[in-house]
Structure formats: C-alpha cells, structure tokens
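So you can see what is in the structure, the chains are spelled out below.
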Amino acid sequence: MRLVFIGAMAVFMIGQAAARDALSGASLYEDVVRYASFGLHRFGSAGDRATADWIAGELKQASFDVSFQPVVLGRQYVVEQASAEAGGTVVEATPFWWPPEDRASFHLNAPLARDGDVTGKILWLELPFDRGAYLGPIHRAAITAAAAKKPAAILLMIGNPADDRFAYNVTQEDAPWPVPVIVVGAKSRPAFERALAAGTSVTFDVKGRYERDVAGRNVIAETGTGRGPTIVVSTPMTGWYTCVCERGPGIANFLALARTVAAEKWPAHFVFIATAGHEIGHGGMELFLKHGAPAPNDTLAWIHFGSSNACYAFADGARTDRPEEERYLVLSKSAVALTNEAFAGVAAKRLVTEKQAVGELRDVHAAGYANFLGMAGRHRTFHTPSDELSVTGPEILEPVARAFVDAVRKIVERDNAAFR
C-alpha cells in the first residue's frame, strides 16, 4: 500500500510540476511567439487555419477530446495588395471594410482634397482616436457624409497611438461603402500634406477580391465529462493583422489553463472553445452559443481571455515595464469577491457588468450565463500592423496566467460558493 501511495504522490507531484512549467513566463511567451509565426490572422486566411491546427494539436497533447466546429461566414474580403502613393512616396494601405463590390480591385489617380467641390477627387477624412474597437454610428455617419460629396474615393486616417493603419471590427450585416475608403497611417501624413499643398494627384492601387461562404473553424476541447460542474473557457483566435499582443497573451493563457487542468486532473467538466471570425461579426462565438455550448443552467462559470490582457504600456514612445492601463477585468456581479481575491496582484480596472459586457463576453452575457470572468483591453498598437512581439514579454504574461488559474481552481474547489 505504501508503494501505491508513493506512486500516486509521485504522479500528483509530476502533474503539479507540469502545471507550474505551463505557467512560467517563458512557456507563455513561447506560445505567443508561435502564434506570431503564423502571420496575418484574419478570418479565412492561411494564418487562421494554421492557428486552429496548432491550438487543436496542443489541446490533444494535453489529453483533451478535441473537435473542429465548422464556421461559415457569408462573405470575406481578401486583400492581396494595397498602396497609396503621393509625390513619389508609396505607403501600405488597407481598404476599409466593406469595400464596394465592384471595386474590390481598382487603380485610381486623382487630386487630393479636404473640402470644397470634391467630385471625382480623393477626399481626405480623419476620424479621431476614440479608444473603440468596433465600427459605430459616429464613424458610419462621418464616412457616409463624406461619400455623399461624390468623391472618387476617400483617404482615411484613424487616430491611434501608433499612428498606423487602424481597423474597426465590423459585422456581416454592414453595407459596403458607396466609394472605396482607403486607410493609411498618420505617420505618412507629411507626404499627403505635400501633395495637397502642391495640388498633385494621389494614386491608389488595390488588388483584392470578395469570397462567399468563407470557411473557418472553432476549436472545441472537452475533459472531465460527467465529473461535476461545467466550466467554459473561451478565447478568440482571429483579428485584423498579426494581432500578436491583442490575441497572443489570451491564447497563451487559454493553453496554460488547459494544460494545468489536465496535468492536475481537476474534478470538473471543462469545455475550452477557441473562436473564429471575431473581427467580422463574432461569427464563431455566435455559432457556438447556438450550437455546442452547455446551457446557462448547466454552466457554473464562463472564463474568457479577451484582447490585450498582457501588454506593456508605452510612455513618450518607449516601452515601459508596466502593464497597459487600459486593461479591464470584465465580470459578473457574482464574481466580484472571487476576482478581488485571485487578482489582487494584477493591475487591471474592474468592470462589473449588469447590463452589457464587452467583446465576446457581450454575447455570453446576453445568452444568459450568470457567472463570468474575463479580461480585455487595448494597447498602443491595438488593431494595427505594428502589433508585434516587443509589446509583450514573459514577465508581464506570468502574473495574469497565474491569477486566472488561481481563480478557476477556487471555482472548482468551492463550486457555487465561489459566486455570491
């Protein structure tokens, strides 16, 4: 009997050691690096497919039962190449979703104008920095009013701390713009100001195409079926550009929690869901909530790893050692005490939601799940091509991962008593 006991203890200790390794900053950062290696993560892209394969493989290796849930969205626009040229300076550009369908690809050379009669010209429009992630009524009104002046196209700069090409999340239901809207970063402003002052033309060169019924996949993994309360853990996989610090830390946290659950054999039923289509309508999450998610009454808690949950703050253009201040713990009122306990050492503002949550937790909350906890935010290079590996690091990743594991462990141990 003593040998059996020692053997069991050895297995338990090995499991704990594996879990500790999964929560180390080095391990977490390795996952972010792997995510970054897939490049563009837009829905339906090669990077999207590679990410889903990788996450599924990691969860299988952790002994989860893994399946793919097909996600088919009605349309996606694929950019092959887009540039804007002014006075010999060529800069990368991004068409603003959704472009006119008959101008998915086009070449245009026309004068640049800010005001006056802009018929047939390129109208320069700027949207201020509003800290938002989603295309809203104010943005739509500004672009619609600009398009009503009958320009040939719109040159758009959207304020953001990186002065780069910013993208707003859109929905499948949004109508295409009546004229092409081409986004460039504000860091290229001098070239366009010179063209405007000199009265010289600006050239847009765009090669792209629309695709219909575009296929993607959610990754669903389960363990511990029939072993107690159901805990759902979710994270989005896709976004506008490489999304390294927007998505990477959340995915690293997601995998670290899964590996910990498996290594320590927690006595609960877990469903891990990595969703696709975040940036063009939350399609993956919407599908999972309708087909695949456990019912709200059967779900003890929903844990969500949203955007930018471990990104460095910048000051005067230089990276600091502090986390980004625009980081929020998004939670149900029932999770306040648990969150205060588990996240005491994590700098993040609390957003207790009674009417509406943020990001994909909006969908979870609206679907009637009573107990939820997630983290979401924004950072300096959020929703821009500049979002890359230097924006995060091992030291900032580890405290967040450990806090989430601590919170979920307490949920497993306390069951309904974790929420009060």
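Keep in mind that what you see is a predicted model, and the values were worked out from it rather than measured.

Enquirer: What exactly am I supposed to notice about helix α7 (residues 283-290) here?
Expert: Along an α-helix, residues three or four apart share an orientation, since each turn contains 3.6 residues. Restricting attention to buried positions, one finds in α7 the residues G283, G284, M285, F288 and L289. If you follow the buried residues of α7, they end up packed against β1 (65-86), β8 (201-223), β9 (230-236), β10 (269-275), β11 (299-305) and α9 (361-366). After α7 finishes, the residue G292 shows a positive phi value of roughly 130°.

Enquirer: Mind showing me how you'd approach the environment of T260 here?
Expert: You can see T260 is positioned in helix α6 (residues 244-264). Here the alpha-carbon distance between T260 and D21, two residues 239 residues apart in the chain, equals 9.2 Å.

Enquirer: Honestly, the pattern of salt bridges in this entry has me stumped. Any pointers?
Expert: Where charged atoms of side chains with opposite charge meet at close range, the side chains can pair. Enumeration according to the criterion identifies 21 salt bridges in this entry. For D53, the salt bridge is made with R217, and the minimal N-O distance between the two is 3.0 Å. Of this pair, D53 sits in helix α3 (residues 46-61) while R217 sits in strand β8, and the two are 164 residues apart along the sequence. Classification of D53 as partly exposed rests on a relative accessible area of 43%. Among the charged side chains, a salt-bridge network with shared partners connects E341, D406, K410 and R414.

Enquirer: Please explain the confidence of the model for the protein chain as it appears in this structure.
Expert: Low pLDDT means the predicted atomic positions in that stretch should not be read closely. Summarising the model, the protein chain shows a mean pLDDT of 94, and 95% of its residues fall at 70 or more. The model gives residues 1-15 a pLDDT under 50, and that stretch makes two contacts with residues more than four places away or in other chains.

Enquirer: I'm lost on the state of the cysteines in this one. Help?
Expert: Taken as a whole and judged by the stated rule, the model has one disulfide. In this model C245 forms its disulfide with C311; the gap between the sulfur atoms is 2.1 Å. Of note, the bridge from C245 to C311 carries an S-S torsion of about -120° and is left-handed in sense. Of the two residues, C245 sits in helix α6 while C311 sits in the loop between β11 and β12 (312-315), which places them 66 residues apart along the sequence. Here C245 matches C311 in class, with each residue buried.

Enquirer: Before we go on, may I ask you to explain empty space enclosed by the protein in this structure?
Expert: Empty space among the atoms becomes apparent when a probe as large as a water molecule is rolled across them. Applying the stated criterion to the full structure yields three cavities of 30 Å³ or more. The computed volume of the largest cavity comes to approximately 50 Å³. Every residue lining the largest cavity is listed: T94, P95, F96, W97, F166, A167, Y168, V170, V183 and W240. Considering only residue class, the lining of the largest cavity consists of nine nonpolar, one polar and no charged. Here the second largest cavity defines a volume of roughly 40 Å³. Forming the walls of the second largest cavity are Y77, P95, F96, P99, R103, A104, F106, P180, V181, I182 and V206. Here the lining of the second largest cavity is built from residues that sort into 10 nonpolar, no polar and one charged.

Enquirer: What should I look at first to understand the environment of P99 in this one?
Expert: Mapping P99 onto the fold places it in the loop between β3 (94-95) and β4 (106-113). In this structure P99 comes out as buried when scored by relative accessible area, which is 4%. It is 32 Å that separates the C-alpha atoms of P99 and R34, two residues lying 65 residues apart in sequence. Residues contacting P99, with those up to four places away along its chain left out, are Y77, P176 and Y210.

Enquirer: Any chance you could explain the environment of A268 here in plain terms?
Expert: Position of A268 among the secondary structure elements: in the loop between α6 and β10. Note: C-alpha distance between A268 and M157 (111 residues apart in sequence) is 49 Å. Dropping the residues within four chain positions of it, A268 is found in contact with T223, G224, R227, P229, I231 and V412.

Enquirer: Whenever I open this one, the packing of aromatic side chains confuses me. Can you help?
Expert: Across all of its chains, the model carries 18 aromatic pairs by this definition. When the centroid spacing of 5.3 Å and the interplanar angle of 80° are considered together, the rings of F64 and F272 count as edge-to-face. Of the two residues, F64 sits in the loop between α3 and β1 while F272 sits in strand β10, which places them 208 residues apart along the sequence. Of the two residues examined, F64 and F272, each falls in the buried class. An aromatic cluster is defined as three or more aromatic residues linked by ring pairs; in this entry it consists of F64, F254, W266, F270 and F272. Lying over the aromatic face of W98, R75 brings its terminal NZ or CZ to 4.0 Å of the ring centre.

Conventions we followed
- Residues numbered from 1 in each chain as written.
- Predicted model: local features only at pLDDT ≥ 70, side-chain atom pairs only at ≥ 80, totals over all residues.
- Heavy atoms only, no water.
- Buried < 20%, exposed > 50% of the residue type's maximum accessible area, 1.4 Å probe, protein only.
- Helix = DSSP H or I, 4+ residues; strand = E, 2+ residues; numbered from the N terminus.
- Contact = heavy atoms within 4.5 Å.
- Salt bridge = Lys/Arg side-chain N within 4 Å of Asp/Glu carboxyl O.
- pLDDT = per-residue confidence, 0-100.
- Disulfide = S-S within 2.5 Å.
- 1 Å grid on protein atoms, 1.4 Å probe; cavity = no way out; pocket = protein on both sides within 12 Å on 5 of 7 lines; lining within 4 Å.
- Points joined across faces, edges and corners; volume = space filled by probe spheres on them.
- Nonpolar A, V, L, I, M, F, W, Y, C, P; charged D, E, K, R; others polar.
- Phe/Tyr/Trp six-rings, centres within 6.5 Å; stacked < 30°, edge-to-face > 60°.
- Lys NZ or Arg CZ within 6 Å of the ring centre and 35° of its normal.

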